[in-house]
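# Report on the structure
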Amino acid sequence: MLILSFESSCDETSVAVVRDGREVLSNIVRTQTEHAEFGGVVPELASRAHIEAITVLAQKAISEAGITISDIDAVASTTAPGLIGAVLVGLSFAKATAFALNVPFVPVHHVRGHIAANYIAFPELKPPFFSLMTSGGNTLFVDVADYTVFNVLGGTRDDAAGETFDKVARVLGLGYPGGAPLDRLATTGDDHAYKLPQVSVSTGDLDVSFSGLKTAVVNLVHNAEQKGEQLDLPGLAASFEAAVSDMLVPRAVEAAKRSCRKTMVVAGGVAANSRIRADLFRACENEGIELLLLPLSLCGDNAAMIGAQGYYEFLAGNIGDLTQNGYPTMDISQSF
Ligand code: KG4
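Presented here is an overview of the structure given in this document. In this text, all values refer to a predicted model and were calculated from it rather than measured experimentally.

Considered for burial, the residues of helix 5 (residues 179-186) that qualify are Pro-181, Leu-182, Asp-183 and Ala-186. Considering only its buried residues, helix 5 is in contact with helix 4 (161-171), helix 7 (233-258) and helix 8 (274-287).

Here it is as structure tokens:
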């Protein structure tokens, strides 16, 4: 079954063609660079940039897949969560395409899509398994009981890990998005250079909170600026990264153990972080948990992951219609 899939929930416009949820025939991703000068994504600019790009990207995805549009069996699109104006661009385009082709339209939860990227990378992978899902907008510990059955065991109570990386990177002068440059800077630093707070949430031992850590780094930088002190930037980046990893990795392992899963996958843009990957590798090895580390190219937003999850939503009968709306927030355990 060939699915034409769309992703436009934030600042990537992406269109893909995926066969049977596993084989990617094309996956065109356009990352919007126009937000860099503002230090973060400007929602209205994002929506407009999606509109400008989506037709050309759809044509490119079809031609790169080596198919014609009449070969498409279904159309899938990120439908929630995300910046609502941005979500609606891909969703409307996808519904119109499904209508024109007279094929089913499949609404897909963006975070389910991130996890499904693992079906592309690991052809043998089948639920049940455990996922550490950590991106710019979400940070969750998720038990994947089946292709369309998800149980959240914990997650952030405030900022997502990626949002925290971006804010800290901005105050360190690394530009936007800052996760990857901060990761590179940290490789040359001492992770004990600065003592930073790690927040645990008293009412949920598998929950985390990143806002205190973010504020601590911002205050540290501003205080140093006011006093004219020189900061050890690689050391600060490494100490920050270690604090994030120390909050995420032990909880991910504990959540996997509680859900009795023997396999852990990672998902989302922050899953590209080298410190988190190395710490997860060690922790999973110690606990006898098989760790599947997603290739970096499939960690960030892309439409192939939406096509992968769309296939399993279709098989489960989760098919939408042309009245399907988009939503800025939605629990991963809910279906459309
Ligand atoms: O999954 P994604 O593309 O978008 C969302 O669905 O949110 O994730 C983007 C996030 C950004 O916050 C970016 O800074 C972060 O992933 N990121 C990283 C790394 N590469 C991307 N964070 C830490 N280390 C990295 N190597």
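On to the nonpolar core, then. Membership of the largest hydrophobic core comes to 76 residues, with the highest contact counts inside it found for Phe-240, Met-264 and Leu-280. Top element by residues in this core is helix 7. It accounts for 13 residues. The next biggest cluster of nonpolar side chains, apart from the first, holds 23 residues, and it includes Leu-4, Phe-6, Ile-67 and Val-75.

Taken together, 20 residues are adjacent to the ligand, and Gly-136, Asp-166, Asp-183, Gly-269 and Asp-301 come closest. Between the ligand and Asp-166 there is a distance of 2.6 Å, counted from an oxygen atom to a side-chain nitrogen or oxygen. In this structure, an oxygen atom belonging to the ligand sits 2.9 Å away from a main-chain N or O atom of Gly-269. Among the secondary structure elements, those contributing two or more residues to the shell around the ligand are helix 3 (110-121), helix 4 and helix 5.

If you trace the backbone, Ile-276 turns up in helix 8. With relative accessibility at 2%, the residue Ile-276 sits in the buried group. Once the C-alpha coordinates of Ile-276 and Val-108 are considered, the two residues, 168 residues apart in sequence, prove to be 27 Å apart. Excluding residues that lie within four positions of it along the chain, Ile-276 makes contacts with Leu-132, Val-244, Ser-245, Leu-248, Val-249 and Val-270.

Attention now goes to empty space enclosed by the protein. Where empty space is left can be seen by rolling a probe of water-molecule size over the atoms. This structure, assessed with the given rule, holds 1 cavity of 30 Å³ or more. Taken as a whole, the largest cavity encloses approximately 40 Å³ of empty space. Together, Pro-107, Val-108, His-109, Arg-112, Glu-313, Asn-318, Ser-335 and Phe-336 line the largest cavity. It is strand 5 (residues 105-109) that contributes the most residues to the lining of the largest cavity, 3 residues altogether.

Next up on the list: the pattern of salt bridges. All told, the structure shown has 13 salt bridges when counted by the stated rule. The shortest N-O distance in the salt bridge between Glu-44 and Arg-48 comes to 2.8 Å. Of this pair, Glu-44 and Arg-48 both sit in helix 1 (residues 43-65), 4 residues apart, roughly one helical turn. Looking at Glu-44, the relative accessible area reads 46%, which means it is partly exposed. One salt bridge connects Glu-287 with Lys-257, and the closest N-O pair in it is separated by 3.4 Å. Linking Glu-287 in helix 8 with Lys-257 in helix 7, this pair joins segments that are 30 residues apart in sequence. Its relative accessible area of 37% is what places Glu-287 among the partly exposed residues. In this structure, a network of salt bridges that share partners links the residues Asp-191, Arg-275, Asp-279 and Arg-282.

In this section: the sheet that holds strand 10 (residues 290-292). Sheets are built from strands paired through backbone hydrogen bonds, the pairs being either parallel or antiparallel. The mixed open sheet is built from 5 strands, whose spatial order is 8-7-6-9-10. Of all the strands in the sheet, just strand 8 (149-155) and strand 10 have a single pairing partner and so form its edges. Sheet twist, expressed as the mean angle between neighbouring strand axes with direction ignored, is 25°.

Thresholds applied
- Residues numbered from 1 in each chain as written.
- Predicted model: local features only at pLDDT ≥ 70, side-chain atom pairs only at ≥ 80, totals over all residues.
- Heavy atoms only, no water.
- Buried < 20%, exposed > 50% of the residue type's maximum accessible area, 1.4 Å probe, protein only.
- Helix = DSSP H or I, 4+ residues; strand = E, 2+ residues; numbered from the N terminus.
- Contact = heavy atoms within 4.5 Å.
- Core = buried A, V, L, I, M, F, W, Y, C linked by side-chain atoms within 4.5 Å.
- Near = heavy atom within 4 Å.
- Polar contact = N/O pair within 3.5 Å; in protein donor to acceptor, adjacent residues only side chain to side chain.
- 1 Å grid on protein atoms, 1.4 Å probe; cavity = no way out; pocket = protein on both sides within 12 Å on 5 of 7 lines; lining within 4 Å.
- Points joined across faces, edges and corners; volume = space filled by probe spheres on them.
- Salt bridge = Lys/Arg side-chain N within 4 Å of Asp/Glu carboxyl O.
- Pairing = 2+ DSSP bridges.
- Axes fitted to C-alpha atoms, helices over the stretch in contact; angles between N-to-C directions.

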